[in-house]
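Fold and geometry: a report
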Amino acid sequence: MGKVSKGVKCSVIGCNEPAVKSIAAQRIPSSMKVEASGRRVYLCEKHYKEFKKLTKKERMVEKWRYAGV
Ligand SMILES: [Zn+2]
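Notes on the structure in this doc start here. Predicted model only: the values in this text are computed from it and were never measured.

Along the chain, the regular secondary structure elements total 1 helix and 2 strands. Along the chain, helices and strands appear, N-terminal first, in the series β-β-α. Long-range pairs, those at least 24 residues apart, make up 37% of the contacts in the chain with a sequence separation of at least 6. With the model as given, the accessible surface of the chain reaches about 5500 Å², and the carbon-plus-sulfur share is 51%.

The subject of this paragraph is the coordination of the zinc ion. In an ideal octahedron of six donors the angles at the metal are 90 or 180 degrees, and in an ideal tetrahedron of four donors they are 109.5 degrees. Donor atoms from the polypeptide that bind the zinc ion are Cys 10 (SG), Cys 15 (SG), Cys 44 (SG) and His 47 (ND1), placed at 1.9 to 2.3 Å. Taken together, the 4 donor atoms surrounding the zinc ion define angles of 103 to 114° at the centre, an arrangement classified as tetrahedral. Each donor residue of the zinc ion belongs to the same chain, and together they define the spacing C-x4-C-x28-C-x2-H. Of this pair, Cys 10 sits in the segment before strand S1 (21–24) while Cys 44 sits in the loop between strand S2 (40–43) and helix H1 (45–67), placing them 34 residues apart in sequence. Judged by its relative accessible area of 2%, Cys 44 is buried.

About the cut-offs
Residues numbered from 1 in each chain as written. Predicted model: local features only at pLDDT ≥ 70, side-chain atom pairs only at ≥ 80, totals over all residues. Heavy atoms only, no water. Helix = DSSP H or I, 4+ residues; strand = E, 2+ residues; numbered from the N terminus. Contact = heavy atoms within 4.5 Å. Areas by Shrake-Rupley, 256 points an atom, 1.4 Å probe, with all protein chains shown as cover. Donors = N, O, S within 2.8 Å, 3.2 Å for Na, K, Ca; no water. Tetrahedral: all angles 85-135°; square planar, octahedral: opposite > 155°, others 65-115°. Buried < 20%, exposed > 50% of the residue type's maximum accessible area, 1.4 Å probe, protein only.

Rendered as structure tokens:
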């Protein structure tokens, strides 16, 4: 996860907040509507929290899958 230079806006469609984190576009859950220009997506604080919540859920699903449930 990289640092974000000043002036970069959140990549979530409809969001105009300043970005605080940059994430590889492939890690963004499909339920998040982002406008990816290139391989990185920029998220504001609010959407970064949402991203963490969503990926946590996905990781749990993966765990269940590997456990053979
Ligand atoms: Zn945002």
